[in-house]
Amino acid sequence: MSITYNKSLQVFMITTANTSYSFSKDSDGILTNLYWADRIARIEDLPIGEMHYPRIGGVKHHSERKIREEYPGWGGRYYNEPVLKATFSDGTRDVELRYVSHSISDNGNEMSIVLQDVHYPLEVILKYEIYDGLDIINKWCIVKNKGHDPILLESALSAAWYLPDLRSYRLTHLASCWGREYEISRLPLTQTRIELDSRTGISNSNQMPYFALDTDGKADEHQGEVWFGALQWSGNWKIVVEKDPLGCVQVTGGINDFDFSWRLNEDEEYQTPVFTAGYTCGGFGAASRMLHDYQKYYLNPRPWAEKPLPVVYNAWAAFEFSIDEKLMMDLAEKAASIGVELFVMDDGWFSTRDDSRSGLGDWQPSSKKFPNGLNPLIEKVNSLGMNFGLWVEPEMVNPDSDLYRHHPEWILNFPHRDRELHRNQCVLNLARSDVKEYIISFLDNILDNHNIYYLKWDMNRLFSQPGWPEESSADQKKMWVKYVHNFYAILDHLNNKYPDLIIENCASGGLRADLAMTRYCSRVNRSDNQDPLDMLKLHEGFTYINRSRTAGGGGHISASGSGVNGRHTSYRYKAHIAMMGSFAVGLDLRKCSAAELDDLSGWIKQHKLQRDTVQNGDLYRLASAWDKPYAIYEFVSHNLNQVVLMSYGQSMQFAQALPRIRLYGLDPQAQYKAEGYKIMSGEGLMHIGIRLQLKGDFDSRIIVWNKVES
């Protein structure tokens, strides 16, 4: 694991656990990408100084000067997607960057490279970072104006990545919308330009900020070359995947340049978000596990990175706004009796909030529903051995609220246009510093005066009318970026001041479940969709990026017949699905029979026995609900002592028998035992496998294999 520079060959080499990433510096100071794939030991083997493409009929490629340039600016004969596009004060719209210097950290895990425009005082610092034991590379940059006159940035993306040339590739991406997040989509990459993006203010309203490319479309879960990446950004973004006429495959990504401009004043700098990418020959499963380990060991809030997440009760699905102190106390007693560890009160607890039309923005407990404030309920919950959590939606406001009446200027809006509502609410302009400070102030007031263990942060509408009338016209388009920066600043504040607080990331379900949010939030609302069959597919796509443990939201055990499809399934089936993530219950427990409460208690006990393996172990997706009438997930503990195999039938037909299920990731020499099965070695489980039967509709099995002590 190291980043090095070979002075004689003028080659930069980034070496991770199993991969190499390399680029060279030519005599003109242009950085050219050479290689990114399996690890190589001999730097001389790289194609240093070679022409990357054959000339056709003796004619140079139209953008030959900038072929595979490590950070291509728009200028000259360059027609692919640029990373940087700028206009200088004299009207020049052309960027020519050259190498100036570089530095490598003492531990060899970080590097900075300084580039400078050949004429104008524009400086770009390229940043690289790698992590012990991972084949992950982070790239981002800092753009600086070193002169007196403003420079207008029209596009400032994070990085460009290049794959081996003259190969056939298949693109995998995750399409998204409410209730159908993380849909796995695949298509062959022809000579074309494909743009994945979001323009709605939040990250995955249409697509997840993620890509994967595999050679010849041959990779599967367990084998094959896969290049993959994810942007660490929660606002507007784009990733452009293109294959040019001569076979160069380039992936470029960062903050979306749609409706974007950034006037860079004297001595001002602009920093792009991190673009994380990696390579594996172990298929899509290995790519996912690499992103999971990256989050587990480096990104997730440290107190909760590996600590088991609690079993949650949330009454929203059963009661919505119709809550009060007595109801909550009654439900708390029932929840405690079945083993719930965290009691969460959702929307409807504050101000005049009896429906979605009023009160949002006024964060004081409802005097009608909670005449003595929240502390009597919190004390009751705590006395029952549970912790207390609370729902908030800080980024939104109802027009029928004191906040709106006092500060109508705080809303995203355009003059002379009727202010658009969705869900009876407007978007607060969080790009404003006074709005940011207001949100910090009311959250501090809530958290300082109540024993709150968990904060569910919701956000329930897309942006529209993204105007900022108080800002100059030249700087209004900065709103998209400043909004996200201030949003992160608030989450940073909460994590630093309240380090033991669990924050749930919810955005109309799972519409902001990007990699950046894992820096701040320990639990993710996977989706508002609580249909159990839909969850099988949602969870597969969700775990392409996110850790299985963080999945909340759609993991609630809710009333049969609820959800987007109105499907009726057993509580047992829903409980088994909930065990894949952060287990949650959303029933009206007062209406549950004694037998149903006993069943819930039993499933929660089972979950607690295996949750460390599920929440902190390695995930192997053994069968996909996208192409089979069943789904199978395997979780292996970090020490290989336990394996949890979860299988879920959809609708089985013709007494269909499943093939022998072969496990992955075990200790081949160890022996494992599961109830109802003979003792088998890890080698036998991985190469021979086990028989597993699912029958009829909505059948499920959870099998726990434990290592036998010798």
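All figures in this text were calculated on a predicted structure; none of them were measured in a lab. (Residues numbered from 1 in each chain as written. Predicted model: local features only at pLDDT ≥ 70, side-chain atom pairs only at ≥ 80, totals over all residues. Heavy atoms only, no water.)

Undergrad: Please set out the packing of aromatic side chains residue by residue, giving values where relevant.
TA: If you walk through the whole model with that rule in mind, you get 42 aromatic pairs. Summarising the aromatic geometry, the rings of F12 and Y99 are spaced 6.3 Å apart at their centres and angled 55° between planes, so their arrangement reads as tilted. Of this pair, F12 sits in strand β2 (residues 11–15) while Y99 sits in strand β6 (residues 97–104), placing them 87 residues apart in sequence. What makes F12 buried here is its relative accessible area of 0%. Geometrically, the ring pair formed by F350 and W363 is tilted, given 4.4 Å between the ring centres and 40° between the ring planes. (Phe/Tyr/Trp six-rings, centres within 6.5 Å; stacked < 30°, edge-to-face > 60°. Helix = DSSP H or I, 4+ residues; strand = E, 2+ residues; numbered from the N terminus. Buried < 20%, exposed > 50% of the residue type's maximum accessible area, 1.4 Å probe, protein only.)

Undergrad: Go over the sheet that holds strand β5 (residues 84–87), please, and point to the residues and values.
TA: Spatial strand order, β5-β10-β19: 3 strands in an open sheet with antiparallel pairing. The two strands at the open ends of the sheet, each matched to only one other strand, are β5 and β19 (262–264). For this sheet the average axis-to-axis angle between neighbouring strands, irrespective of direction, equals 35°. Summarising the sheet, strand β10 (residues 151–156) and β19 pair through 3 bridges and their orientation is antiparallel. What sits directly across from I151, in β19, is L264. (Pairing = 2+ DSSP bridges. Axes fitted to C-alpha atoms, helices over the stretch in contact; angles between N-to-C directions.)

Undergrad: How would you explain the side chain of Q650 if you had to name every residue and give the values?
TA: By secondary structure assignment, the location of Q650 is in the loop between β35 (642–649) and β36 (671–673). Separated by 2.8 Å, the side chain of Q650 and the backbone oxygen of K628 make a polar contact. In this structure Q650 touches L533, L536, Y573, A625, K628, P629, Y630, G696, D697 and F698, once residues within four positions along its chain are discounted. (Polar contact = N/O pair within 3.5 Å; in protein donor to acceptor, adjacent residues only side chain to side chain. Contact = heavy atoms within 4.5 Å.)

Undergrad: Summarise the state of the cysteines; cite the residues concerned and give the values.
TA: Applying the stated rule across the entire model yields 0 disulfides. Residue C506 stays outside any disulfide, its sulfur separated by 10 Å from that of C521, the closest cysteine. Using a relative accessible area of 1% as the deciding quantity, one classes C506 as buried. (Disulfide = S-S within 2.5 Å.)

Undergrad: Before we move on, could you go through the sheet that holds strand β1 (residues 2–6) and cite the residues and values that matter?
TA: Overall, antiparallel pairing links the 4 strands, which are arranged β1-β2-β3-β4 in an open sheet. Here the strands that pair on one side only, and so sit at the sheet edges, are β1 and β4 (31–38). Shown here is a sheet whose adjacent strand axes are inclined to one another by a mean of 15°, direction ignored. The pairing of β1 with β2 spans 5 bridges and is classified as antiparallel. Bridge pairing in β2 links Y5 to F12.

Undergrad: Just give me the short version of the pattern of salt bridges, but keep the residues and values in it.
TA: For the structure shown, the criterion picks out 40 salt bridges. One salt bridge connects D400 with R405, and the closest N-O pair in it is separated by 3.1 Å. (Salt bridge = Lys/Arg side-chain N within 4 Å of Asp/Glu carboxyl O.)

Undergrad: Hey, could you go over the environment of S522 for me, with residue numbers and the actual values?
TA: Positionally, S522 belongs in the loop between β28 (502–505) and β29 (523–525). With relative accessibility at 5%, the residue S522 sits in the buried group. Ignoring any residue separated from it by four or fewer positions in sequence, one finds S522 in contact with P301, W304, L309, I502, I503 and T550.

Undergrad: Can you lay out a negative patch on the surface for me, pointing to particular residues and giving the numbers?
TA: Judged by side-chain charge, D90, D149, E266 and D267 come together as a negatively charged surface patch. Relative to the helices and strands, D149 is located in the loop between β9 (136–145) and β10. (Patch = residues over 30% accessible without salt bridge, like charges linked within 9 Å, V, L, I, M, F, W, Y side chains within 5 Å. Areas by Shrake-Rupley, 256 points an atom, 1.4 Å probe, with all protein chains shown as cover. Lys, Arg positive; Asp, Glu negative; His and termini not counted. Charge placed at Lys NZ, Arg CZ, Asp CG, Glu CD.)

Undergrad: Pulling in residues and values, what's your account of helix α10 (residues 594–616)?
TA: Look at α10: 33 Å from first C-alpha to last across 23 residues, which is about the 33 Å you get at 1.5 Å a residue. Along α10, the sharpest change in direction is near 60° and occurs at Q610. Among all positions in α10, only L597, L600, S601, W603, I604, H607, Q610, R611, T613, V614, Q615 and N616 are buried. (Expected span 1.5 Å × (residues − 1). Bend = angle between axes of the 7 residues up to and from the residue.)

Undergrad: Just give me the short version of unusual backbone geometry, but keep the residues and values in it.
TA: Look at E320: it is not a glycine, yet its phi comes out positive at around 50°. Assignment of secondary structure puts E320 in the loop between α2 (316–319) and α3 (325–337). Under the relative-accessibility criterion, E320 is labelled partly exposed at 43%. Phi is positive for A655, which is not a glycine, with a value near 50°. In this fold, A655 is placed in the loop between β35 and β36. Its relative accessible area of 76% is what places A655 among the exposed residues.

Undergrad: I'd like a description of the packing of helix α9 (residues 571–578) against α10, backed by residues and values.
TA: For the pair α9 and α10, interaxial distance at closest approach is 10 Å and the crossing angle is 20°. Regarding the angle of α9 to α10, the classification is roughly parallel. Here α9 and α10 pass one another in a crossing that is right-handed. Of the residues in α10, those in contact with Y571, R572, A575 and H576 of α9 are E596, W603 and Q606. Across the contact of α9 with α10, the residue classes tally to 3 nonpolar, 2 polar and 2 charged. (Parallel < 35°, antiparallel > 145°, perpendicular 65-115°, else oblique. Left-handed = near helix turned anticlockwise from the far one by under 90°. Nonpolar A, V, L, I, M, F, W, Y, C, P; charged D, E, K, R; others polar.)

Undergrad: Report on α3, specifying residues and quantitative values.
TA: Its 13 residues place the ends of α3 19 Å apart at the C-alpha level, agreeing with the 18 Å of an ideal helix rising 1.5 Å per residue. Considering only its buried residues, α3 is in contact with β22 (312–314), α2, β23 (342–345) and α4 (375–383). For α3, the capping residue at the N-terminal end is D324, with a side-chain oxygen 3.3 Å from the backbone nitrogen of K326. Positive phi shows up at G339, right after α3, with a value of about 100°.

Undergrad: Talk me through the environment of G179; I want residue IDs and the actual numbers.
TA: Assignment of secondary structure puts G179 in the loop between β12 (169–175) and β13 (183–189). Classification of G179 by relative accessible area gives buried; the value is 13%. Between the alpha carbons of G179 and L538 there is a distance of 8.8 Å; along the sequence they are 359 residues apart.

Undergrad: An account of the environment of N445 is requested, with residue identities and associated values reported.
TA: Position of N445 among the secondary structure elements: in helix α6 (residues 433–448). Residue class for N445 comes out partly exposed when judged on its relative accessible area of 46%. Expressed as a C-alpha distance, the spacing of N445 and W363, which sit 82 residues apart in the sequence, is 9.5 Å.

Undergrad: Which residues make up the pairing of strand β18 (residues 249–255), and what values go with them?
TA: Counting buried positions along β18 gives 7 out of 7 residues, so the element sits mostly inside the fold. For strand β11 (residues 159–163) and β18, the ladder comprises 5 bridges, and the chain directions are antiparallel. Its bridge partner lying in β18, A159 is registered against G253. Where strand β17 (residues 237–243) lies against β18, 7 bridges are found, and the strand directions are antiparallel. For W237, the partnering residue across the bridge sits in β18 and is I255. Joining the antiparallel neighbours β17 and β18 is a turn of 5 residues, in which G247 adopts a positive phi near 95°.

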